[in-house]
Amino acid sequence: MGLDPAEERKAREREARVRRSETFKVISDEWLERLTLEGRAAKTLAKLRWMVEIATPVLGNRPIADITVPELLQVLRSVEARGRYETATRLRSTFGTIFRYAIATGRAQRDISADLRGALITPKVKHRAAILEPAALGGLLRAIDTYDGQPTVRIALQLAPHLFVRPGELRMAEWAEFDLVARLWVIPAAKTKMRRPHKVYLTDEVLALLKKLRTMSGDGSYLFPGVRTPKRPITDNTLNAALRRLGYTSEEMTAHGFRATASTLLNESRKWHPDAIERQLAHVDGNKIRRAYARGEHWDERVKMMQYWSLYLVGLKKKSAAS
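Residues numbered from 1 in each chain as written. Predicted model: local features only at pLDDT ≥ 70, side-chain atom pairs only at ≥ 80, totals over all residues. Heavy atoms only, no water.

(A) Structural view of the sheet that holds strand S3 (residues 198–201). Spatial ordering of the open sheet is given by S1-S2-S3, a layout of three strands whose pairing is antiparallel. Only two strands of the sheet have a single partner each, and these edge strands are strand S1 (178–179) and S3. Sheet topology places strand S2 (residues 184–187) next to S3; four bridges connect them, and they run antiparallel. Paired with Val186 across the strands is Lys199, a residue of S3. (Pairing = 2+ DSSP bridges. Helix = DSSP H or I, 4+ residues; strand = E, 2+ residues; numbered from the N terminus.)

Here is the structure:
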């Protein structure tokens, strides 16, 4: 006795629906939506979405369980062919996360991206340019004071060495995050790389700059509103462009380089516990065991360290002016 043709058709339709729900695109979209609901930063989500879209034209309609290692490698090789070695490495990691999500939801058996270890070109680590010599730093601080572009951008450059936060955290800073009476800036977890709130002590020098800035940035929420609209902050490249305008090339100094400058000179001073410096840089120890035992925030020491650092910068600038 044969199967009812109508039942056969329904079975095929059900199978087709299941297969469509198991494609790389559907699963990666679900994964991105989950990260959105978890409150991941908009910038992080945009980068992940961009990486997923690299693979979508080739893999999007393929059931994830049917995708092969050579197919993943084909996508990664196409990225490497454009010289984007670091992007290819990150995309392999993203593939792994998506495959593990598919395994957890019952739509894949294993993470085949693990088979690609060693198959990609290892990108050469490129450190962001930074000035590490005290006299040269003093010269940079003096040059910043002469910046003749947007006054708010000049203050952003003046604040950057004192605060040494990530450039994105500085440019996206909002007045609601600051308590000038308590001398405290709390960067929300959603804005930090490590997804945890980060405290920054505000020294006398920083407070003076913030009070001056308050009279410039108007009634908007951002400390450094964009030129076109105060509803958005200055762009990613604004501070680096300002450094170029001051005559510093991308091989000499970057906005991110102020972090390396502070880290190097504070460590070389031997006045502060390395963990206090790392906490102020908002780094998280890569060693899980050490991280478990190093949960202290070292806040009291960080307050003293920030005061020392601001006065150190003022001293360097004065010394540079006198020479």
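(B) The nonpolar core, seen in detail. By size, the foremost hydrophobic cluster in this structure holds 52 residues, and its most contacted members are Leu137, Leu140, Leu163, Trp185 and Leu210. Put simply, the parts of the chain that give this core at least two residues each are helix H6 (134–145), helix H7 (151–163), S2, S3, helix H9 (204–214), helix H10 (238–245), helix H11 (257–269) and helix H14 (299–322). At seven residues, the largest contribution of residues to this core is made by H7. Once you skip the residues sitting within four places of it in the chain, Leu140 turns out to touch Ile131, Leu243, Tyr248, Met253 and Phe258. Ranked by size, the runner-up nonpolar core spans 29 residues in total, among them Leu32, Val75, Val79 and Tyr101. (Core = buried A, V, L, I, M, F, W, Y, C linked by side-chain atoms within 4.5 Å. Buried < 20%, exposed > 50% of the residue type's maximum accessible area, 1.4 Å probe, protein only. Contact = heavy atoms within 4.5 Å.)

(C) Structural detail: the packing of H7 against H14. Viewed as axis vectors pointing N to C, H7 and H14 meet at an angle of 130 degrees, and their least axial separation amounts to 9 Å. Classified by the angle between their axes, H7 and H14 sit oblique to one another. Counting all contacts with H7, which are made through Pro161, His162 and Leu163, the residues of H14 involved are Met306, Trp309, Ser310 and Leu313. Partitioning the contact of H7 with H14 into residue classes produces five nonpolar, two polar and no charged. (Axes fitted to C-alpha atoms, helices over the stretch in contact; angles between N-to-C directions. Parallel < 35°, antiparallel > 145°, perpendicular 65-115°, else oblique. Nonpolar A, V, L, I, M, F, W, Y, C, P; charged D, E, K, R; others polar.)

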